[in-house]
Amino acid sequence: MSDTVVHRLIVRLSGDPQNLIKTMEKVQQKMQTVGLLMTTFVTAPVAAFGSLAVREFMKFDQAMTESTSIMEATTEQMDRMRETALEAAKGSVKGPEEIARAYFYLASAGLNAEQSISAVGLVTKFATAGAFDLARATDLLTDAQSALGMTSKVTAVNTVNMARVSDVLVKANVLANASVEQFSTALTSKAGSAFKVFNKDIEEGVAVLAAMADQGIKSELAGNNMARIMFLLSNSAQNNQAAFKKYGFSLYDANGKMRNFADIIQNLEQILEPMNDEMKSATLTALGFEARIQGAIMPLIGTSNAIRRYEAELRNAGGTTKDVSDKQMKSLSNQIKITWNQIKVMAIGIGERLAPSVRVLNETIDNMISYWNELSPAMKTVILYMAGFAAAAGPVLLMTAKMIVAWKALTLNTVALGIALKGTVFLAFITGAYLAGKALHELLPWVKRARAAMEEMDSAHAAAMSNMAKRHSETMKQIVDVHFPNLKKELLAAAMKVFYDVRGLPGLKKKPSTSELLDWLKL
């Protein structure tokens, strides 16, 4: 009976390894499938988004750093500048990096940190409404405001004036045959300065530029003609008072202020209307209008009603920039840009979280380089040998794994044979134990040598770090001595200890710098 049981056991064990192999292969296939799916739809997207996050944060951070480097701003103001730029990018076709760079152009135009924070959202909408890039928009808007004399050191007043300039320029684009950029260029091409000299506000002045645009006179030409008309009219009024009185032409009102342009042009229209071309030319000459001013002013004859209508419309231009900007963003193309910018803003937030790890990595690499330079040649040789051994270990393990897989069927099938041979199993166990003990005996000397090498590395590391700390401390003392030559040694020692203790705290987003140590000592 015992022979029958042994026979059945041998038969069962002889068949079971094959089933086990098939089960293992099925599990392997399923694990490969799940692993491939997770790699494709989880690991790869997460890695790609992480890369995007770090890249977008780097670009945004670089743009912000460059922009704030040319203005005086506190840490709190710089934080608000970043938040304002990101918030503006969420609902704009302009990306976070481009909006961050707008601060540079605002600072170049003379705006301080608070004024820039208030202006960046407005400039972004102005660029969208005018359909040009943010750098150009910033230059045009701030230059036009400056040319008109509408800048102010008071942030609230400056922002209101900038919004007024923006709304008038965008409204003029809606009303007349010229773009926002062309009207802006006209103002910065002498017209704005002329309006400021003769106390003409932007609504009246741009109304005349709109009438010129309808006559095909735009951009720099319109600006130059406008300035020429105003200065030559003033000169003619001084030198030809008798002729002005004879024809009933008046440039100034009873208080000596230049009349509204619509009234001036209407006055000329009434004088010239009954005349033929020859008489018109002779009359303008008698009024002191030389050929240059005649060529500039004649296109405006007949536009007094248009100028008056444009001026009335422009005085109600408030909110036009926002309205036009919102309409521009409704297109599918711009909606896609807005969505992409929202993704960028989210990515920047994640990248900002990852940035400290990158900085820690940079510091670690820097310390490793300094540590390596401090090592002796013998120690460097030991490390290179160990690195070579570690590099070879990976391929060896892979080859070993392949061999194990190749022999798995043979190993499992010998189980039944081992049981059938009874005592052979025990002999195999004894043999395996002997071989394992021999291998461990051969391994122990290598382990001892490795341990000795590691102890030498620890000692060299401690010495290197001590030397680095001592040099850094001496350098710091020299810097402090330059700024505070008479500082007591006890105070310096206490301050240095606190400084290095704080720098050594884990998890700091920004370690205290040399300038902050100097500020502490100054206080």
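Definitions and limits used
Residues numbered from 1 in each chain as written. Predicted model: local features only at pLDDT ≥ 70, side-chain atom pairs only at ≥ 80, totals over all residues. Heavy atoms only, no water. Axes fitted to C-alpha atoms, helices over the stretch in contact; angles between N-to-C directions. Helix = DSSP H or I, 4+ residues; strand = E, 2+ residues; numbered from the N terminus. Parallel < 35°, antiparallel > 145°, perpendicular 65-115°, else oblique. Left-handed = near helix turned anticlockwise from the far one by under 90°. Contact = heavy atoms within 4.5 Å. Nonpolar A, V, L, I, M, F, W, Y, C, P; charged D, E, K, R; others polar. Salt bridge = Lys/Arg side-chain N within 4 Å of Asp/Glu carboxyl O. Buried < 20%, exposed > 50% of the residue type's maximum accessible area, 1.4 Å probe, protein only. pLDDT = per-residue confidence, 0-100.

Engineer: Hey, could you run me through the packing of helix α2 (residues 75–90) against helix α3 (residues 96–108) in this one?
Structural biologist: At a minimum axis separation of 9 Å, α2 and α3 run at an interaxial angle of 135°. Between α2 and α3, the angle falls in the class oblique. Considering only the axes of α2 and α3, their crossing is right-handed. On α3, the residues that touch Met81, Thr84, Ala85, Leu86, Ala88 and Ala89 of α2 are Pro96, Ile99 and Tyr103. Of the residues that constitute the contact of α2 with α3, the class distribution is 8 nonpolar, 1 polar and no charged.

Engineer: Help me understand the pattern of salt bridges in this model?
Structural biologist: Opposite charge on two side chains allows them to pair when their charged atoms are near. Inspection of the entire model under this criterion finds 15 salt bridges. Where Lys59 meets Glu56, a salt bridge forms, and the shortest distance between an N and an O atom there is 3.2 Å. Note that Lys59 and Glu56 are positioned in helix α1 (residues 2–68) at a spacing of 3 residues, about one turn of the helix. Accessibility expressed as a relative area gives 6% for Glu56, which makes it buried. In this structure, Arg315 and Glu311 form a salt bridge, with 2.8 Å as the shortest nitrogen-oxygen distance. Take Arg315: its relative accessible area is 41%, and that puts it in the partly exposed class. Residues joined in a network through salt bridges with shared partners are Arg164, Asp201, Glu203, Glu311 and Arg315.

Engineer: What should I look at first to understand the confidence of the model for the chain in this one?
Structural biologist: The predicted coordinates should not be examined in detail at positions where pLDDT is low. In the predicted model, the chain carries a mean pLDDT of 78, and 73% of its residues have values of at least 70. Considering only residues more than four positions removed or in separate chains, one finds that residues 415–428, a stretch of pLDDT under 50, has 8 contacts.

Engineer: Quick question: what am I supposed to make of the environment of Gln145 here?
Structural biologist: Here Gln145 is to be found in helix α5 (residues 134–147). Look at Gln145 and you get buried, because its relative accessible area is 1%. Ignoring anything within four residues of it in the chain, the contact list for Gln145 reads Met150, Thr151, Asn158, Asn161, Met162 and Val165.

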